[in-house]
Amino acid sequence: MEGTAHADTMKSYTVDQIRTMFLEFFESKDHRILPSASLIPHGDPTLLLTVAGMVPFKHYFLGLEKPVHPRVTTSQKCIRTGDIENVGLTDRHGTFFEMLGNFSFGDYFKKEIIPWSWEFSLDYLNLPADKLWITIYLDDDEAFEIWNKDVGVPAERIVRLGKEDNFWETGAGPCGPCSEIHIDRGEEFGCGKLDCKPGCDCERFMEFWNLVFIQFHQDGDKYIPLDQKSIDTGMGLERVAALLQGKTSIFEIDNLRPILDGVSKIAKVGYGEDPKSDISLRVITDHARAVAFLVADGVLPSNEGRGYVLRRLIRRAIRHGRLLNISESFLNRVVEMVIAQMKAAYPELVERADYVYKVVGLEEERFNETLEQGIGLLSDLVVKAKKAGLTEIAGKDAFLLYDTFGFPLDLTREILDDDNMTVDEIGFKQAMEAQRERARKSRSDYGYLDSSLEVFKDLAGSVTTEFVGYEQNKINTKIKGIILNGVSVETVEEKAQVEIILEQTPFYAEGGGQVADRGLITTNTGSVRVNDVREPVHGLISHLGVVETGYISKDNDAEASIDLGRRQNTARHHTATHLLHRALKDILGDHVNQAGSYVGPESLRFDFTHFQGLTDSELELIEAKVNEEILKDSQVTSETTDLESAKKQGAMALFGEKYETEVRMIRVGSDSLELCGGTHVQSTGQIGLFKLISEGSVAAGVRRIEAVVGTGALEYVRGQESVLKELQSKLQTQIKDLPAQIDRILEDNKRLERELATFKQQTVLGALDELIAGAEKLEDGAIVVAEVEAASPEDMRTLGDRIRDRLDPVAIMLAAKNEDKVLFLSMVSKSLVKKGVHAGQVVKTAAQICGGGGGGRPDMAQAGGRIPEKLPEALEKSKILFGEQMKGIK
């Protein structure tokens with residue numbers, strides 16, 4: 001039955017209460033509660049960020065991995081920026097939100113989830129049954145029967161809608177109809193039409209829960225029923241909180257309003273007093289939440305990918321702070337409020353708070369500089385437009401200011417108004433729409449459930465590759481799958497580019513920064529040279545290579561052997577990265593965290609969070625500490641345990657990384673303990689010498705160290721020694737005396753440069769008397785036009801100043817040849833400038849004769865030319881022009 005006791009006034013719950021209530025409700029229905037996954041999707045190159053609650057479970061829905069439990073429930077943190085321009089303008093748009101969800105992977109279906117969703121809505125959220133409406137897909141009669149007959153929702157409150165509203169599909173792969181629960185907010189929110197109902201564009205009916213029934217596999221125009229049907233539901237936590245708390249805006253719920261009030265206090269602006277100010281207050285509140293979570297999950301500001309999303313959010317928030325007349329740095333104060341509101345549900349925000357503050361503070365400092373650049377660029381655009389006789393700047397330029405420098409169109413308009421100029425708003429909107437289209441295409445490319453791994457689905461259901469590479473380098477195994485051009489096949493011939501799936505393998509698949517093994521797979525009919533190894537889905541290892549001889553068939557017995565020398569060199573570098581990580585923390589501080597790495601047979605690269613360049617002294621200490629640990633020849637041991645036990649033991653984990661419930665710990669000596677799936681040496685002494693090669697910046701707040709170990713380090717040192725020996729031979733001195741000898745050479749060089757400069761200046765000035773004597777004297781002043789020997793513009797200016805001092809008033813044109821170029825310098829006394837003599841006009845004409853250009857002020861100008869042989873003509877023309885200008889003086 002629909003229900004009788006639920007038309008009461010809705011009960012108000014806090015966000016934390018709603019979250020807990022939802023999770024515990026589905027836990028009572030035999031769901032396993034899982035923590036929110038990172039905002040960085042794990043193992044999913046099709047997505048920049050986690051945009052929905054189902055994202056962490058895509059491989060489960062696709063049947064590529066076995067779920068940890070057939071029923072799961074989560075509150076997932078999400079970021080969506082597709083409608084970022086609407087944030088602050090509406091009551092419901094935000095970039096950061098939490099998605100409550102429950103999921104069934106081939107377990108229960110409509111018969112269970114529809115009554116459960118009704119039960120939760122009425123008995124837990126206390127929503128009035130007579131205000132709830134249901135939408136279903138056009139021909140989903142099964143859902144209609146359950147809603148109407150089993151639950152008791154009147155047929156007139158069940159609305160059938162088309163594919164655009166109530167069907168999830170991507171063009172290929174799992175898909176299905178959906179059903180949404182809406183609440184009638186009242187006629188005051190509506191359009192006034194008598195037949196107004198869900199599906200209408202007005203604000204009366206608010207959807208708060210979407211139930212997706214994954215029951216088909218789409219193949220082109222065909223919809224094939226799935227044997228195992230699944231459920232994916234999503235409820236926006238902020239939206240339902242606003243509903244229960246009687247708020248019309250998500251920004252007024254209990255965990256957002258305190259942040260908004262804090263921003264209001266910083267800006268000294270009351271919320272609700274001015275619509276424009278309210279927009280900025282809401283933007284800053286929302287963006288600060290997104291920024292805090294993105295940085296805490298390991299995203300760093302950059303100009304591409306998810307780093308660009310973060311940078312854009314930070315800069316938009318700061319820009320809106322400027323619109324509120326907040327001139328000082330303020331964003332970290334807002335981030336602190338976010339952490340205070342969200343720490344109960346997300347304690348990692350507190351653990352990483354200092355790091356978050358450093359990243360945000362540095363980016364805010366950088367943007368303050370960028371903002372000035374943007375204003376400067378706009379000023380340049382105005383100058384160019386005016387010179388061209390235009391009163392409007394191009395829309396694409398306004399969009400560049402918006403997209404790169406965070407300038408809203410309103411700000412550009414405001415600045416242009418001061419210059420009586422406008423902006424091409426149609427062009428701006430076209431550029432904006434083009435970007436939106438790119439974003440939409442990007443979203444549609446990954447779709448709801450990505451089917452790009454479909455070829456592995458059958459294999460994943462029947463084959464699990466056992467990795468035995470920690471213990472063995474060569475094994476006898478069996479070929480369980482062959483993939484050619486994205487299609488599973490039975491046999492491949494010589495020279496084919498293939499992917500081989502083995503029953504067992506010693507090959508390490510690329511991961512955790514470590515490169516893949518290389519080697520050979522051999523059968524009695526042929527061999528495959530393995531050049532790369534990957535794990536496209538959990539538990540399935542794919543060997544990419546070329547059929548070198550003969551042919552290879554599925555189910556053949558095979559021998560798999562790795563390139564042992566390459567593996568050993570890679571292991572040396574991997575263990576060295578662990579020692580380096582520990583040394584960086586010990587010497588620089590606990591804020592240091594791994595931000596990326598590359599571990600190969602030739603070298604290692606380690607990216608880490610730090611906010612300034614390392615000194616020579618710090619680098620020496622780091623290198624010494626690593627080598628000290630190597631000399632101890634400490635044991636390197638591994639242990640498999642559960643994640644919580646590993647954390648309690650102090651194992652370092654990469655934040656933003658997804659770990660299984662069972663993890664592998666690598667202990668190096670007594671100090672280094674990390675979660676790691678890579679290959680390592682047995683003791684640190686096997687690493688050999690550790691040598692730092694370079695240190696530098698790769699992004700805001702991220703430094704990079706490159707180093708080599710073992711024979712690579714020896715080769716590097718020998719190379720340095722070779723350079724020293726060559727210098728020793730050329731300078732005829734001992735190596736220990738090289739620094740002093742080089743200092744003497746540099747000092748001698750500086751002295752000789754000073755003497756040469758003095759000599760050149762004397763040579764130039766030596767021509768002074770001759771130039772003055774050859775000056776053409778007119779009634780109102782003198783004219784000096786001549787070619788001179790001068791090494792630089794500075795020498796010419798010095799000579800020009802001296803001539804002007806001696807002959808004032810005078811008009812001067814000097815020219816000097818420098819290889820295949822000509823340099824012109826013109827100077828005119830101020831008294832002549834006032835009478836109309838113009839250095840810039842004369843020098844421009846001279847330069848044009850010599851195939852160049854330039855110009856300048858009336859009193860001084862310089863230019864260049866590319867045809868030295870025309871210099872006499874140019875000088876003669878200069879003399880004529882100066883003469884005409886001076887004769888024209890009245």
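Residues numbered from 1 in each chain as written. Predicted model: local features only at pLDDT ≥ 70, side-chain atom pairs only at ≥ 80, totals over all residues. Heavy atoms only, no water.

1. With respect to the environment of His 578
For His 578, the position within the fold is in helix H17 (residues 564-588). Judged by relative accessible area, His 578 falls into the buried class, the value being 3%. Sequence-wise, His 578 and Ser 327 are 251 residues apart; in three dimensions their C-alpha atoms are separated by 43 Å. Not counting chain neighbours up to four residues away, the residues in contact with His 578 comprise Ile 666, Val 668, Ser 672, Glu 674, Cys 676 and His 680. (Helix = DSSP H or I, 4+ residues; strand = E, 2+ residues; numbered from the N terminus. Buried < 20%, exposed > 50% of the residue type's maximum accessible area, 1.4 Å probe, protein only. Contact = heavy atoms within 4.5 Å.)

2. Looking at the packing of aromatic side chains
Throughout the structure, instances matching the rule amount to 30 aromatic pairs. Geometrically, the ring pair formed by Phe 22 and Phe 120 is edge-to-face, given 5.5 Å between the ring centres and 85° between the ring planes. You can see Phe 22 sitting in helix H1 (residues 15-27) and its partner Phe 120 sitting in helix H3 (residues 110-124), a full 98 residues away along the chain. Just as Phe 22 is buried, Phe 120 falls in that class too. Through successive ring pairs, a cluster of aromatic residues spans Phe 22, Phe 25, Phe 26, Tyr 108, Trp 116, Phe 120, Tyr 124 and Trp 209. Cation over ring: Lys 163 sits above Phe 167, and NZ or CZ is 5.3 Å from the ring centre. (Phe/Tyr/Trp six-rings, centres within 6.5 Å; stacked < 30°, edge-to-face > 60°. Lys NZ or Arg CZ within 6 Å of the ring centre and 35° of its normal.)

3. Focus on the nonpolar core
Where a protein is soluble and globular, its nonpolar side chains tend to be buried together. Ile 113, Ile 114, Trp 118, Trp 147, Phe 208, Trp 209 and Met 235 are the most contacted members of the largest nonpolar core, which totals 99 residues. Ranked by the residues each element gives to this core, the list is headed by helix H8 (residues 275-296), at 10 residues. Each residue touching Phe 208, except ones within four places of it in the same chain, is listed here: Ser 121, Leu 127, Leu 132, Ile 181, His 182, Ile 183, Gly 234, Met 235, Gly 236, Val 240 and Leu 243. Among the nonpolar cores identified, the runner-up in size contains 27 residues, and Ala 571, Val 592, Val 626 and Cys 676 belong to it. (Core = buried A, V, L, I, M, F, W, Y, C linked by side-chain atoms within 4.5 Å.)

4. Considerations on the sheet that holds strand E33 (residues 821-828)
Ordered by their spatial adjacency, 6 strands build an open sheet running E30-E31-E32-E33-E35-E34, and the pairing between neighbours is mixed. Only two strands of the sheet have a single partner each, and these edge strands are strand E30 (776-778) and strand E34 (853-856). Going across the sheet, the axis of each strand differs from the next one's by a mean of 10°, ignoring polarity. Examined bridge by bridge, strand E32 (residues 810-818) and E33 share 8 bridges and lie antiparallel to one another. Looking across to E33, one finds that Met 813 is bridged to Ser 826. Along the sheet, helix H23 (residues 793-807) contacts E30, strand E31 (781-787), E32, E33 and strand E35 (860-865); its crossing angle with E32, the most-contacted strand, is approximately 155°. Packing against the sheet, helix H26 (residues 871-887) makes contact with E30, E31, E32 and E33, and its axis sits at approximately 170° to E31. (Pairing = 2+ DSSP bridges. Axes fitted to C-alpha atoms, helices over the stretch in contact; angles between N-to-C directions.)

5. Thoughts on the sheet that holds strand E25 (residues 636-642)
Read across the sheet, 3 strands follow the order E25-E26-E27 without closing on themselves; strand pairing throughout is antiparallel. Among the strands making up the open sheet, the edge pair consists of E25 and strand E27 (672-675). Strand-to-strand, the axes of this sheet are offset by a mean angle of 25°, without reference to chain direction. Here 4 bridges tie strand E26 (residues 662-668) to E27, and the two strands are oriented antiparallel to one another. Note on E27: the bridge partner recorded for Arg 667 is Leu 673.

6. Considering unusual backbone geometry
Cis geometry is found at the peptide bond from Asp 808 to Pro 809, where omega equals 0°. Within the secondary structure, Pro 809 is located in the loop between H23 and E32. Its identity is not glycine, yet Lys 268 carries a phi of approximately 55°, on the positive side. Inspection of the secondary structure assignment puts Lys 268 in the loop between helix H7 (257-267) and H8. The exposure class assigned to Lys 268 is exposed, which follows from its relative accessible area of 74%.

7. Some remarks on a nonpolar patch on the surface
Among the surface-exposed residues, Val 723, Leu 724, Leu 727, Ile 735, Ile 742 and Leu 746 lie close enough to one another that they form a single nonpolar patch of about 430 Å² accessible area. Secondary-structure elements contributing two or more residues to the nonpolar patch are helix H20 (710-731) and helix H21 (738-766). Looking at which element gives the most residues to the nonpolar patch, the answer is H20, with 3 residues. Mapped onto the elements, Ile 735 comes out in the loop between H20 and H21. (Patch = residues over 30% accessible without salt bridge, like charges linked within 9 Å, V, L, I, M, F, W, Y side chains within 5 Å. Areas by Shrake-Rupley, 256 points an atom, 1.4 Å probe, with all protein chains shown as cover. Salt bridge = Lys/Arg side-chain N within 4 Å of Asp/Glu carboxyl O.)

8. Regarding the environment of Gly 865
As for its placement among the helices and strands, Gly 865 is situated in strand E35. When the C-alpha atoms of Gly 865 and Cys 850 are compared, they prove to be 4.8 Å apart, with 15 residues separating the residues in sequence. Among residues more than four places away in sequence, those in contact with Gly 865 are Asp 820, Lys 821, Val 822, Ala 847, Cys 850 and Gly 852.

9. Thoughts on the pairing of E35
Burial along E35 is one-sided: the residues Ala 861, Ala 863 and Gly 865 are buried and none of Met 860, Gln 862 and Gly 864 is. As judged from the 6 bridges shared by E33 and E35, these two strands associate in the antiparallel manner. By the bridge assignment, Val 822 is partnered in E35 with Gly 865. As paired strands, E34 and E35 are joined by 4 bridges and run antiparallel to one another. Bridge pairing in E35 places Gly 856 opposite Ala 861. Between the end of E34 and the start of E35, which pair antiparallel, lie 3 residues.

10. A few points about H23
Its 15 residues give H23 an end-to-end C-alpha distance of 21 Å, which sits within 8% of 21 Å, the value for a rise of 1.5 Å per residue. Listed in full, the buried residues belonging to H23 are Asp 795, Met 796, Leu 799, Gly 800, Ile 803 and Leu 807. All buried residues of H23 lie within an arc of 135° about the axis, which places them on one face of the element. (Expected span 1.5 Å × (residues − 1). Arc of directions from axis to C-beta.)

11. Regarding the pairing of E32
Counted residue by residue, E32 has 7 buried out of 9 residues, so it is predominantly covered. Judged from the 6 bridges that link them, E31 and E32 form a sheet pairing that is parallel. Following the sheet pairing, Ile 783 is matched in E32 by Ala 811. Counting the residues between successive antiparallel strands, the hairpin from E32 to E33 contains 2 residues, one of them, Glu 819, with a positive phi of roughly 55°.

12. Overview of the packing of helix H10 (residues 331-342) against helix H12 (residues 353-387)
Between H10 and H12, the shortest axis-to-axis distance is 9 Å and the interhelical angle comes to 150°. Viewed along their axes, H10 and H12 adopt a mutual orientation that is roughly antiparallel. Considering only the axes of H10 and H12, their crossing is right-handed. Residues Leu 331, Asn 332, Val 335, Glu 336 and Ile 339 of H10 touch H12, and the partners they reach there are Ala 353, Val 356, Tyr 357, Val 360, Gly 361 and Glu 364. Considering only residue class, the contact of H10 with H12 consists of 7 nonpolar, 2 polar and 2 charged. (Parallel < 35°, antiparallel > 145°, perpendicular 65-115°, else oblique. Left-handed = near helix turned anticlockwise from the far one by under 90°. Nonpolar A, V, L, I, M, F, W, Y, C, P; charged D, E, K, R; others polar.)

13. Quick word on the pattern of salt bridges
This structure, assessed with the given rule, holds 40 salt bridges. Where Glu 119 meets Lys 29, a salt bridge forms, and the shortest distance between an N and an O atom there is 3.2 Å. One end of the pair, Glu 119, is in helix H3; the other, Lys 29, is in the loop between H1 and strand E1 (32-33), with 90 residues separating them in the sequence. With relative accessibility at 19%, the residue Lys 29 sits in the buried group.

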